[in-house]
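Descriptive structure summary
Each chain, letter by letter, is given below.
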Amino acid sequence: MADDRFHVYDTTLRDGAQQEGLNLTVVDKLAVARHLDALGVGFIEGGWPGANPKDTEFFRRAQTELDLKHAQLAAFGATRRAGMKAADDPLVAALRESGAPVVTLVAKSHDRHVELALRTTLQENLAMIRDTVSHLRAEGQRVFLDAEHFFDGYKSNPDYALEVLRTAAEAGASVIALCDTNGGMLPDELAEVVHAAVGTSARIGIHCHDDTGCAVANSLAAVKAGATHVQGCANGYGERSGNANLFTVVANLQLKRGFDLVPKEALADMTRIAHAITEVTNVTPNSHAPYVGVSAFAHKAGLHASAIKVDPNLYQHIDPAEVGNDMRMLVSDMAGRASVELKGRELGYELAPDTSRELVNRVKEMEAKGYTFEAADASFELLLRDTVAGESRRHFQVESWRVIVERARGGEVVSEATVKLHAKGERIVATGEGNGPVNALDRAVRLGLERLYPELAGVELIDFKVRILEGAHGTDAVTRVLITSSDAAGEWSTVGVDENIIEASWQALEQAVTYGLLRAGHTA
Ligand SMILES: CC(=O)SCCNC(=O)CCNC(=O)[C@H](O)C(C)(C)COP(=O)(O)OP(=O)(O)OC[C@H]1O[C@@H](n2cnc3c(N)ncnc32)[C@H](O)[C@@H]1OP(=O)(O)O
Ligand SMILES: CC(=O)C(=O)O
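The structure presented is a predicted model; accordingly, all values stated were derived computationally and were not measured.

**Let's talk about the overall build of the protein chain**
Of the regular secondary structure elements, the protein chain holds 18 helices and 16 strands. Expressed along its principal axes, the backbone C-alpha trace of the protein chain runs to roughly 90 × 60 × 45 Å. For the protein chain, the residues scored as buried account for 53% of the 524 residues in total. For the protein chain, contacts bridging at least 24 residues in sequence account for 66% of all contacts bridging at least 6. Per element, the accessible surface of the protein chain, about 23,200 Å² overall, is 48% carbon and sulfur. For the protein chain, the distance from the average position of its 53 positive side-chain charges to the average position of its 73 negative side-chain charges is 1 Å.

**Things to note about a nonpolar patch on the surface**
Together, Leu303, Val310, Leu314 and Tyr315 line one region of the surface with nonpolar side chains, adding up to about 460 Å² of accessible area. The residue Tyr315 is located in the loop between α13 (302–310) and β10 (328–329) in this model.

**Notes on the nonpolar core**
In terms of nonpolar packing, the biggest core is built from 90 residues, with Leu145, Phe150 and Ile176 touching the most fellow members. Residue contributions to this core peak at eight residues, all from helix α7 (residues 158–171). Sequence-distant contacts of Phe150, defined by excluding residues within four places in its chain, comprise Ser109, Ala161, Leu162, Leu165, Leu178, Cys179, Val193 and Ala197. Counting 31 residues, the second-largest nonpolar core is a separate cluster that includes Leu421, Leu449, Val481 and Ile483.

**Observations regarding the site of ligand 2**
Taken together, the residues surrounding ligand 2 are Arg14, Asp15, Val106, Asp146, Glu148, Cys179, Thr181, His207 and His209. Here an oxygen atom of ligand 2 and a side-chain polar atom of Asp15 are 2.9 Å apart. When ligand 2 is considered free in solution it has 210 Å² of accessible area, and contact with the protein chains removes 94% of it. Structurally, ligand 2 is housed in the largest pocket.

**Some points on the packing of helix α16 (residues 377–389) against helix α18 (residues 501–519)**
One way to put it is that α16 packs onto α18 with a least axis distance of 10 Å and a crossing angle of 75°. Taken as axis vectors, α16 and α18 run roughly perpendicular relative to one another. On α18, the residues touching Ala378, Ser379, Glu381, Leu382 and Arg385 of α16 are Gln511, Thr514, Tyr515 and Leu518. A class-by-class count of the residues in the contact of α16 with α18 yields four nonpolar, three polar and two charged.

**What about the site of ligand 1?**
The full set close to ligand 1 counts 18 residues, and Thr79, Arg81, Val106, Ala117 and Arg119 are the nearest of them. Taking Gln18, its side chain carries an N or O atom lying 3.2 Å from an oxygen atom of ligand 1. Between Ala117 and ligand 1, the recorded distance is 3.1 Å, taken from a backbone N or O atom to an oxygen atom. Protein contact buries 56% of the 1,000 Å² of open area that ligand 1 shows by itself. Broken down by secondary-structure element, the contributors of at least two residues to the shell around ligand 1 are β3 (72–78), β4 (102–108) and α4 (111–118). Looking at side-chain class alone, the shell around ligand 1 contains nine nonpolar, three polar and six charged residues.

**Considering the UniProt feature "domain: Pyruvate carboxyltransferase" (unreviewed entry) in the protein chain**
UniProt's entry tags residues 6–274 with the feature "domain: Pyruvate carboxyltransferase" (unreviewed entry), counted in the numbering of this structure. With 45% helix and 17% strand, the stretch residues 6–274 has end C-alpha atoms that lie 22 Å from each other.

**Comments concerning the packing of α13 against helix α14 (residues 337–346)**
Contact geometry of α13 with α14 gives a least axis separation of 7 Å together with a crossing angle of 60°. What the angle tells us is that α13 and α14 run oblique. Read as a crossing pair, α13 and α14 show a hand that is left-handed. Across from Gly302, Ala305, Ser306, Ile308 and Lys309 in α13, the residues of α14 making contact are Ala338, Ser339, Glu341 and Leu342.

**Brief notes about the sheet that holds strand β12 (residues 413–423)**
Here we have three strands laid out as an open sheet, ordered β11-β12-β13, and antiparallel in their pairing. The open sheet has two edge strands with one neighbour each: β11 (397–407) and β13 (426–434). Neighbour-to-neighbour, the strand axes of the sheet open up by a mean angle of 10°, direction not taken into account. Relative to β13, β12 is paired through nine bridges, and the arrangement is antiparallel. Note that in β13 the partner of Val419 across the bridge is Ala430. Of the strands in this sheet, β11 and β12 touch α18, which is tilted by about 130° from β11.

**A closer look at helix α15 (residues 353–369)**
Between the first and last C-alpha of α15 there are 25 Å, a value that for 17 residues agrees with the 24 Å anticipated at 1.5 Å per step. Looking only at α15, the buried set comprises Thr355, Ser356, Leu359, Val360, Val363, Met366 and Glu367. The arc that holds every buried residue of α15, seen down its axis, measures 140°, which confines them to one face. α15 presents Asp354, Glu365, Ala368 and Lys369 as exposed residues on the side facing more than 90 degrees away from its buried surface. Looking at the buried side of α15, the elements it contacts are α14 and α16. Of the residues flanking the end of α15, it is Gly370, one or two places downstream, whose phi is positive at about 125°.

**What about the pairing of β12?**
In this sheet, β12 lies alongside β11 in antiparallel orientation, the contact comprising 10 bridges. Residue pairing across strands places Trp401 opposite Val419, the latter belonging to β12. Hairpin connection, β11 to β12: the antiparallel pair is bridged by five residues, and Gly411 has positive phi, about 100°. Two successive antiparallel strands, β12 and β13, enclose a turn made up of two residues, where Lys424 displays a positive phi of approximately 50°.

**With respect to the packing of aromatic side chains**
Tallied over the entire structure, the rule returns 12 aromatic pairs. Taken together, a centroid distance of 6.4 Å and an interplanar angle of 75° make the contact between Phe373 and Phe380 edge-to-face. In this structure Phe380 comes out as buried when scored by relative accessible area, which is 1%. Through pairs of rings, three or more aromatic residues link up here, namely Tyr9, Phe43 and Phe144. The aromatic ring of Phe76 is capped on one face by Arg14, whose charged end is 3.7 Å from the ring centroid. We note Lys29 situated over the ring of Phe58; from NZ or CZ to the ring centre the distance is 5.5 Å.

What counts and how
Residues numbered from 1 in each chain as written. Chains lettered and ligands numbered in written order. Predicted model: local features only at pLDDT ≥ 70, side-chain atom pairs only at ≥ 80, totals over all residues. Heavy atoms only, no water. Helix = DSSP H or I, 4+ residues; strand = E, 2+ residues; numbered from the N terminus. Buried < 20%, exposed > 50% of the residue type's maximum accessible area, 1.4 Å probe, protein only. Contact = heavy atoms within 4.5 Å. Areas by Shrake-Rupley, 256 points an atom, 1.4 Å probe, with all protein chains shown as cover. Lys, Arg positive; Asp, Glu negative; His and termini not counted. Charge placed at Lys NZ, Arg CZ, Asp CG, Glu CD. Patch = residues over 30% accessible without salt bridge, like charges linked within 9 Å, V, L, I, M, F, W, Y side chains within 5 Å. Salt bridge = Lys/Arg side-chain N within 4 Å of Asp/Glu carboxyl O. Core = buried A, V, L, I, M, F, W, Y, C linked by side-chain atoms within 4.5 Å. Near = heavy atom within 4 Å. Polar contact = N/O pair within 3.5 Å; in protein donor to acceptor, adjacent residues only side chain to side chain. 1 Å grid on protein atoms, 1.4 Å probe; cavity = no way out; pocket = protein on both sides within 12 Å on 5 of 7 lines; lining within 4 Å. Sits in = over half its atoms within 2 Å of the grid points. Axes fitted to C-alpha atoms, helices over the stretch in contact; angles between N-to-C directions. Parallel < 35°, antiparallel > 145°, perpendicular 65-115°, else oblique. Nonpolar A, V, L, I, M, F, W, Y, C, P; charged D, E, K, R; others polar. UniProt positions renumbered as here; feature names shortened; annotations may be inferred. Left-handed = near helix turned anticlockwise from the far one by under 90°. Pairing = 2+ DSSP bridges. Expected span 1.5 Å × (residues − 1). Arc of directions from axis to C-beta. Phe/Tyr/Trp six-rings, centres within 6.5 Å; stacked < 30°, edge-to-face > 60°. Lys NZ or Arg CZ within 6 Å of the ring centre and 35° of its normal.

This is the structure we're talking about:
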């Protein structure tokens, strides 16, 4: 089990699930819990048993289907309703019966909320907290308290807000998490309030929302002010602008502040875990996320690359391997010789200085015409190979292509493409039909080449993006086409640019096929 000196408490399955558009099944929740446990968090808040059948079911199945190595499960719920006994409240019963060793109770700590939202007295709210905490403690559960709206409540009535903490601690709550529920706090003022709360006898925790973009900074400020329990969500999921991103918080505390929160090997697996969770949640990963985003260690500027060539630490705050991420070089019109040299090395080529210079010039010229190599790594690698070895080293040469688009009598629109190619000493003429001109060209090329290169059967065109770009003089617009292809081992992207959309598509398609053949081991 995790070290009890400092708590890492994940609430993805409860507060994270309050994110717009995020909807997890019980199986999804179990899968996310396993990923979080692999990261080594101390607590996983699984949901609110009794509030909906899914969360009740999660806790039932968790007892037999989750074999947690690090984390303890926490069941979330509210203090009892006003005017009744905790033992008689069905939602409190659901917490008791959840099988979770920890219960986290949300309680009002803002006087205005007690009066307006709960519609009860300040004294009755304290009684609700006291009764519910002591009842669950007597039933053998460890009880944490989320002091809802604590910071706004402290500003409105500090004595009452602190009285809520004291009441919960005296009744047996072992953690009191101060919640910036509306997410409106800034780090300096938040730290002052945390300072005032530390010493109320229970461990003080922090739970921040990101409405000011400060959830992570606020969590760190709270820890500096004495909090020893930090809550957050995987990938910053959560209601409105989200919760503190637990991955960022953990990496910051462990790598910058020297806390020993999760095993070193687990931290080095964090990027994979963050992405594995996005696969379950079906939320597109934020490529710019600190530490774990695919762009977190991607370098585009030529000046950066020239320094990185000497020492990567000159433009990186940590070694990406510490969080399981990788440094990547992006090649674009902002590249210099060092950028292409490093990118070449990443792809397995050692480039001579003259070749790097020629390649940078070609990249800049082509990007000025509308090509984009940072989005089309495969096109860059082909350009690099052409620069080193010449285009004659391609697997096939194109004599010509032609496409006919016909609206037939019945109204059906059909496309037919003919390609004339040269490969392995043969002249090939092939015709393909498709539901559009690019589809027809793709079929024709495959039909022509598959006999010589059977691996092409495993290459699929999976995405096709078109963008109309302003021409250099603002009049003659050009089309950029990006094609993403895949085989059993991965994906690659290629780019084509021309005033004619079919020519632009053809360029991207020809490169997609050529790169697919390279990946299949045909060096041409
Ligand atoms: C800050 C947070 O994110 S806390 C987590 C919030 N999460 C959720 O709300 C998701 C799950 N919620 C639910 O499924 C439902 O709201 C339930 C099952 C909890 C309650 O549903 P309902 O009984 O239909 O009540 P409803 O949602 O309309 O209102 C909430 C009730 O809880 C009361 N309440 C709110 N906070 C607390 C609290 N801390 N302690 C006790 N009661 C509370 C409200 O006063 C209100 O009481 P009322 O029914 O007498 O008006
Ligand atoms: C409890 C909780 O999620 C909050 O106050 O934000």
